[in-house]
Amino acid sequence: MEDPRDIIVRPVVSEKSYALSETGVYIFVVPSQANKVEIRRSVEKVFDVKVVKVNTLNRPGKRKRNRNKPTYGKRPDTKRAFVTLATGQSIPLFETS
């Protein structure tokens, strides 16, 4: 993956992610084959910030029952990256005004 915008799929918008953003930790959905070094470089290049730490989390998709048929489906697996920024830095995407 050459383009850094290919690695950051989307930010996670939830109560937990907003609470963590106040402490300098931001959560992004990333492709399952992306590693921590690629994620660090992408966030630093796209948002022009200094990344201190990257933690990743593989989340398996839930098994969901179909309404009309007695069959089951599965939601897709996702990978999330918890990106910790240097003190005093923030990503304006998450700022509320």
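Just above sits the structure.
Quick look at the structure, then. (Residues numbered from 1 in each chain as written. Predicted model: local features only at pLDDT ≥ 70, side-chain atom pairs only at ≥ 80, totals over all residues. Heavy atoms only, no water.)

**Some thoughts on the environment of Arg 75**
Take Arg 75: it is sitting in the loop between strand S5 (72-74) and strand S6 (78-85). Taking the C-alpha atoms as reference, Arg 75 lies 27 Å from Val 43; in sequence the two are 32 residues apart. When near neighbours in sequence (up to four residues on either side) are disregarded, Arg 75 contacts Gly 61, Lys 62 and Lys 64. (Helix = DSSP H or I, 4+ residues; strand = E, 2+ residues; numbered from the N terminus. Contact = heavy atoms within 4.5 Å.)

**Quick notes on the sheet that holds strand S1 (residues 10-11)**
Taken together, four strands build an open sheet; the order of strands is S1-S2-S6-S3 and the sheet is antiparallel. The outermost strands of the open sheet, each flanked by one partner alone, are S1 and strand S3 (51-59). Pairing between S1 and strand S2 (residues 25-30): two bridges, direction antiparallel. Bridge pairing in S2 links Pro 11 to Phe 28. The strands that helix H2 (residues 36-47) touches are S2, S3 and S6; relative to S3, the one it contacts most, it runs at about 125 degrees. (Pairing = 2+ DSSP bridges. Axes fitted to C-alpha atoms, helices over the stretch in contact; angles between N-to-C directions.)

**Overview of the pattern of salt bridges**
Scanning the entire structure with this criterion turns up one salt bridge. Between Lys 74 and Asp 77 there is a salt bridge whose closest N-O contact spans 2.6 Å. The class for Lys 74 is exposed, based on a relative accessible area of 55%. (Salt bridge = Lys/Arg side-chain N within 4 Å of Asp/Glu carboxyl O. Buried < 20%, exposed > 50% of the residue type's maximum accessible area, 1.4 Å probe, protein only.)

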